[in-house]
Amino acid sequence: MDAVSVGQGGPVEPLRAQPRLLRWGLPRDPVATRHLTAFVVTTVLTVMVTRGLLAATGFPQLGGDGLHVAHVLWGGLLLAVAVLLLVSFAGPVVRPVGAVVGGIGFGLFIDEIGKFLTDDNDYFYAPSFALMYLTLVALVLGADWLHRRHAHHPAEHLAGAVDYAVGGVVGGLSARSRADAERLLELGAGAREVEQVRALLGAIPDDDAELPDPVAALGRRLSAAVRRVVRSGWSTTVTLALLAGSILGSFAALSASVEAAREQGVAWFVLVGLVTAVVGASFALRGVVVLHRDRVGAYLWFRRAALLSLLVTQVAVLRFAPLVGAVGIALDVAVLGVVAGERWRVRADARDARRRGER
């Protein structure tokens, strides 16, 4: 008999028709981007805190008698701890912890990149911040390609629901975990064994005792803050103020770095930054022009301006003015957050309109 099953929800996809990764037993985690974001943000914060503490304490060296215990070693140790946690415990509860611990470890590791790229082990190697940032950008783009290039297969959503059940079988499910599992179960409709997974989740008792998830908690707080801004009607003003701060700061920092860049033979780096800042400003202005007739389109232009700044302009700024670059990155990320909030508001308004029409 062919590998086609007919479940209570209708025919399901034969195994041989599934994507190759699924046939290899490699379903993507539907919430992986949340953990990646936690990893990247923790990495950035670790680098900033490390540099700040070292500057405040006069850059002390741990060790003695010819030894120097570089913090890259602590970073490697924490990365090993993160891997140990992730391969030791089943279920989704451990992943936020692994992402944070791994982010701290990677931050301590990559912070010393200058030492390993220069003959004189120069921790203050000028391009270090730009190189760190490019590394993180490459990781984010790689993950984005893996998770967003193709929509998640229903079987992957079903696997995500089963993943929640793995922890629930031994410890019960909190109300939030059960809601997340049921949402994934609905998205997995059409995959094989949906009804069996539904029955499994229904048999798991309620239990709110669960390892705290600081990543989800912070994400909920940030989402709530963004939605308050969007609902208040100030989203456009806030977005334009953030974009203006990022673009003007980039212009000022790069313009002040022209002479130094010429002396170092990297004037092209400043030129690329200035050109992309101009293009980003034109994107923002285009958004303002179309705002009155196409609000969704306007916010797409604002998003393009922020992404261009994040992916190109701020790399150049970090090369010459790390502090200004860090602030610019924070402003651009905030723009993307407000844009996401505005998109949520548009979808929510559309749902409300449909409901009113159905009545």
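As a reminder, the structure under discussion sits directly above these lines.
Scope of this entry: the structure provided in the associated data block. Since the structure is predicted, the reported quantities are computational estimates derived from the model, not experimental observations.

### A closer look at the overall build of the chain
Assigned secondary structure in the chain consists of 14 helices and four strands. Dimensions along the principal axes, computed over C-alpha positions, put the chain at roughly 70 × 65 × 40 Å. Classification of the 359 residues of the chain by burial places 38% in the buried group. Summarising the internal contacts of the chain: among those between residues at least 6 apart in sequence, 73% fall at separations of at least 24. Just so you have it, the chain exposes about 20400 Å², and 65% of that area is on carbon and sulfur atoms. Across the chain, the 35 positively charged side chains and the 30 negatively charged ones have centroids separated by 9 Å.

### Describing the nonpolar core
The biggest cluster of nonpolar side chains holds 18 residues, and the ones touching the most others in it are Tyr-133, Leu-254, Phe-269, Val-270 and Phe-320. Breaking this core down by element, the ones donating at least two residues are helix H5 (128–148), helix H10 (235–256), helix H12 (267–290) and helix H13 (295–320). The greatest single-element share of this core, amounting to six residues, is contributed by H13. Sequence-distant contacts of Val-270, that is, excluding residues within four places in its chain, are made with Leu-254, Ser-257, Val-258, Ala-261 and Phe-320. Formed by 15 residues, the second largest nonpolar core is a distinct cluster that contains Leu-22, Ala-165, Leu-184 and Leu-201.

### Overview of empty space enclosed by the protein
Enumeration over the complete set of coordinates arrives at one cavity of 30 Å³ or more. By volume, the largest cavity amounts to about 40 Å³. Around the largest cavity, the lining residues are Ile-247, Ser-250, Thr-276, Ala-277, Gly-280, Ala-305, Ser-309 and Thr-313. Within the residue set of the lining of the largest cavity, elements represented by two or more residues are H10, H12 and H13.

### A few points about the packing of aromatic side chains
The geometry of an aromatic ring pair comes down to the distance between the two centres and the angle between the two planes. Overall, the coordinates contain seven aromatic pairs when judged by the stated rule. Relative to Phe-124, the ring of Tyr-123 lies with its centre 5.3 Å away and its plane at 80°, an arrangement referred to as edge-to-face. Overall, Tyr-123 belongs to the buried group, its relative accessible area being 7%. Take Phe-124: its relative accessible area is 52%, and that puts it in the exposed class. Ring geometry for Tyr-299 against Phe-302: centres 5.3 Å apart, planes inclined by 80°, an arrangement best described as edge-to-face. Residue Tyr-299 and its partner Phe-302 are located together in helix H13, separated by three residues, close to a single helical turn. You can call Tyr-299 buried: its relative accessible area is 2%.

### Some remarks on a nonpolar patch on the surface
The grouping of Leu-21, Trp-24, Leu-26, Trp-145 and Leu-146 at the surface amounts to a nonpolar patch, some 550 Å² of accessible area in total. Considering the arrangement of structural elements, one finds Trp-24 in the loop between helix H1 (20–23) and helix H2 (32–56). Classification of Trp-24 by relative accessible area gives exposed; the value is 59%.

### Some remarks on helix H3 (residues 71–88)
Compared with an ideal rise of 1.5 Å per residue, which puts 18 residues at 26 Å, H3 spans 26 Å between its outermost C-alpha atoms and is within 8% of the ideal. Buried within H3 we find His-71, Val-72, Gly-75 and Ala-82. Viewed along the axis of H3, the buried residues span an arc of 105°, placing them on a single side of the element. Of the residues in H3, the exposed ones pointing more than 90 degrees away from the buried face are Leu-73, Leu-84 and Val-87. Of the surrounding secondary structure, the elements contacted by the buried residues of H3 are H2 and helix H4 (95–110).

### Some thoughts on the layout of surface pockets
Vacant regions in the atomic arrangement are exposed by a probe of water-molecule size rolled over the atoms. Put simply, the second largest pocket is a space of about 410 Å³. Contributing to the lining of the second largest pocket are 20 residues, with Leu-54, Phe-59, Pro-60, His-68 and His-71 lying nearest its centre. Of all the secondary structure elements, the ones that give two or more residues to the lining of the second largest pocket are H2 and H3. Classifying every residue of the lining of the second largest pocket gives twelve nonpolar, six polar and two charged.

### Considering a positive patch on the surface
Taken together, the side chains of Arg-227, Arg-231, Arg-303, Arg-304, Arg-343, Arg-347, Arg-351 and Arg-354 present a region of like positive charge at the surface. Residue assignment for the positive patch shows that the elements contributing at least two residues are helix H9 (214–232), H13 and helix H14 (322–358).

### Description of the environment of Gly-102
Among the secondary structure elements, Gly-102 is positioned in helix H4. A sequence separation of 112 residues divides Gly-102 from Pro-214, and the C-alpha atoms of the two residues are 14 Å apart. Gly-102 has contacts with Phe-39, Leu-79 and Ala-82, leaving out every residue within four places of it along the chain.

### Looking at the packing of H2 against H5
Relative to each other, H2 and H5 sit at 175°, their axes nearing to 10 Å. Classed by the angle they form, the pair H2 and H5 counts as roughly antiparallel. Together, Ala-32, Thr-33, Leu-36, Phe-39, Val-40, Thr-43, Val-44, Val-47 and Arg-51 of H2 and Ser-128, Phe-129, Met-132, Leu-136, Leu-139, Val-140, Ala-143, His-147 and Arg-148 of H5 make up the contact between the two elements. Taken together, the residues that form the contact of H2 with H5 break down as twelve nonpolar, four polar and two charged.

Conventions used here
Residues numbered from 1 in each chain as written. Predicted model: local features only at pLDDT ≥ 70, side-chain atom pairs only at ≥ 80, totals over all residues. Heavy atoms only, no water. Helix = DSSP H or I, 4+ residues; strand = E, 2+ residues; numbered from the N terminus. Buried < 20%, exposed > 50% of the residue type's maximum accessible area, 1.4 Å probe, protein only. Contact = heavy atoms within 4.5 Å. Areas by Shrake-Rupley, 256 points an atom, 1.4 Å probe, with all protein chains shown as cover. Lys, Arg positive; Asp, Glu negative; His and termini not counted. Charge placed at Lys NZ, Arg CZ, Asp CG, Glu CD. Core = buried A, V, L, I, M, F, W, Y, C linked by side-chain atoms within 4.5 Å. 1 Å grid on protein atoms, 1.4 Å probe; cavity = no way out; pocket = protein on both sides within 12 Å on 5 of 7 lines; lining within 4 Å. Points joined across faces, edges and corners; volume = space filled by probe spheres on them. Phe/Tyr/Trp six-rings, centres within 6.5 Å; stacked < 30°, edge-to-face > 60°. Patch = residues over 30% accessible without salt bridge, like charges linked within 9 Å, V, L, I, M, F, W, Y side chains within 5 Å. Salt bridge = Lys/Arg side-chain N within 4 Å of Asp/Glu carboxyl O. Expected span 1.5 Å × (residues − 1). Arc of directions from axis to C-beta. Nonpolar A, V, L, I, M, F, W, Y, C, P; charged D, E, K, R; others polar. Axes fitted to C-alpha atoms, helices over the stretch in contact; angles between N-to-C directions. Parallel < 35°, antiparallel > 145°, perpendicular 65-115°, else oblique.

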